[in-house]
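# Structural overview
Next come the chains, spelled out residue by residue.
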Amino acid sequence: MRLDVVTIFPEYLEPLNVSLVGKARVNGLLDVRVHDLRQWTHDRHNTVDDSPYGGGPGMVMKPDPWGEALDAVRADGDPGIAPVLVVPTPSGRPFTQELAVELSGRPWLVFAPARYEGIDRRVIDAYAEQWEVHEVSIGDYVLAGGEAAVLVITEAVARLLPGVLGNAESHRDDSFAPGAMADLLEGPVYTKPPVWRDRDIPEVLVSGHHGRIARWRRDQAFRRTDAHRPDLIERCDPAALDKYDRAL
Ligand code: ADE
């Protein structure tokens, strides 16, 4: 998968060299290219923003550098591969595991993280006529810019790519994973030693009884979801849970 990020803070994307995403790059599974938006400015001050039409606080990112940047990134890629534009913004649609799965199936993602009050709307409208465009929010809070959101989205997408996680099974039981545990949060996990500060691990986990263990995990997931995300329980399909129980 190819990833391009156009930003006024290229150094903000340094964490893409670390850990899971960094390893995926080294292994050739991810081709990440970070570009400084200011290279597509033509004035002495490398201006990327201006005051908003209609007045109001803050500044708006100018369309010209963004247009040139996106055209240059496009021209530098395989003409046979369609880029998907991802614009992080608090006013976007919520970023979910479902969208992460969808994006992980695309060969080329181009991220346009904004600073200030956002990018001139015409840029998104113009590219939406030629590219698939997703405006996404990573949560109901406002960051100083979209770069941190790019890191979040990239990590969620990269770990779904074949060969990136060591164990192919390891995202099967993820919270929010499509399938049997859909809409439930993951329950607690334990490892050695069996006693730590006088605390035992739940006995069922060493029972060797796979059916009981699976049932216990499902019950724990349900309790945790009820405590932390009652909204998820509400949209839970009881039939899906029953089907899961019968399979145990
Ligand atoms: N930029 C600023 N806040 C954001 C958010 N919550 N999600 C995505 N991009 C953002």
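Since this is a predicted model, take the numbers as computed values, not measurements. (Residues numbered from 1 in each chain as written. Predicted model: local features only at pLDDT ≥ 70, side-chain atom pairs only at ≥ 80, totals over all residues.)

### Some words on the site of the ligand
Around the ligand sit P88, T89, P90, S137, I138, G139, Y141, V142, L143, G146 and A149, and that is every residue in its neighbourhood. Top contributing element to the shell around the ligand by residue count: strand β5 (residues 84-94), with three residues. The residue inventory of the shell around the ligand, partitioned by class, reads seven nonpolar, four polar and no charged. (Near = placed C-beta within 6 Å. Helix = DSSP H or I, 4+ residues; strand = E, 2+ residues; numbered from the N terminus. Nonpolar A, V, L, I, M, F, W, Y, C, P; charged D, E, K, R; others polar.)

### Considerations on the nonpolar core
V86, V110, A112 and I153 are the most contacted members of the largest nonpolar core, which has 40 residues in total. Contributing elements (two or more residues each) for this core: β1 (2-7), α1 (19-26), α2 (63-75), β5, α3 (97-104), β6 (108-111), α4 (121-128) and α5 (147-158). Element by element, the count of residues in this core is highest for α5, at six residues. Residues in contact with A112, not counting those within four places in the same chain, are V6, W66, L85, V87 and I119. (Core = buried A, V, L, I, M, F, W, Y, C linked by C-beta atoms within 7 Å. Buried ≥ 20, exposed ≤ 12 C-beta atoms within 10 Å, placed from the backbone. Contact = placed C-beta atoms within 7 Å.)

### Some words on the UniProt feature "binding site: S-adenosyl-L-methionine" (unreviewed entry) in the chain
In the numbering used here, UniProt assigns the feature "binding site: S-adenosyl-L-methionine" (unreviewed entry) to I138, G139, D140, Y141, V142 and L143. Mapped onto the fold, L143 is located in the loop between β7 (132-137) and α5. Not counting residues up to four positions away in its chain, the partners in contact with L143 are A148 and A149. (UniProt positions renumbered as here; feature names shortened; annotations may be inferred.)

### Structural notes on the pairing of β1
Burial within β1 is extensive, with five of its six residues counted as buried. Pairing analysis gives six bridges linking β1 to strand β2 (residues 31-36), with the strands arranged parallel. Counterpart to V5 in the pairing with β2 is V34. Strand direction decides the pairing type here: β1 and β6, joined by four bridges, are parallel. (Pairing = 2+ DSSP bridges.)

### Here we look at the sheet that holds β1
Sheet strands associate in pairs through backbone hydrogen bonding, adopting either a parallel or an antiparallel arrangement. Across the sheet, five strands lie side by side as β2-β1-β6-β5-β7; this open sheet has parallel pairing. The open sheet has two edge strands with one neighbour each: β2 and β7. Averaged over neighbouring strand pairs, the angle between their axes works out to 25° when direction is ignored. As paired elements, β5 and β6 share three bridges and run parallel to each other. For V84, the partnering residue across the bridge sits in β6 and is L109. Strand contacts of α4: β5 and β7, with the helix running at about 140° to β7, the strand carrying the most contacts. Along the sheet face, α5 touches β1, β5, β6 and β7 and points at about 110° away from the line of β5. (Axes fitted to C-alpha atoms, helices over the stretch in contact; angles between N-to-C directions.)

### What about the domain arrangement of the chain?
Domain annotation of the chain identifies domain 1 (2-158) and domain 2 (172-248). Taking only C-alpha atoms, the centre of domain 1 and the centre of domain 2 are 36 Å apart. (Domains from an automatic or database assignment.)

### With respect to the environment of I201
Inspection of the secondary structure puts I201 in the loop between β9 (199-200) and α6 (210-228). Assessed through the 16 C-beta atoms surrounding it within 10 Å, I201 is described here as partly exposed. Here the alpha-carbon distance between I201 and V189, two residues 12 residues apart in the chain, equals 9.3 Å. Ignoring any residue separated from it by four or fewer positions in sequence, one finds I201 in contact with Y190 and P194.

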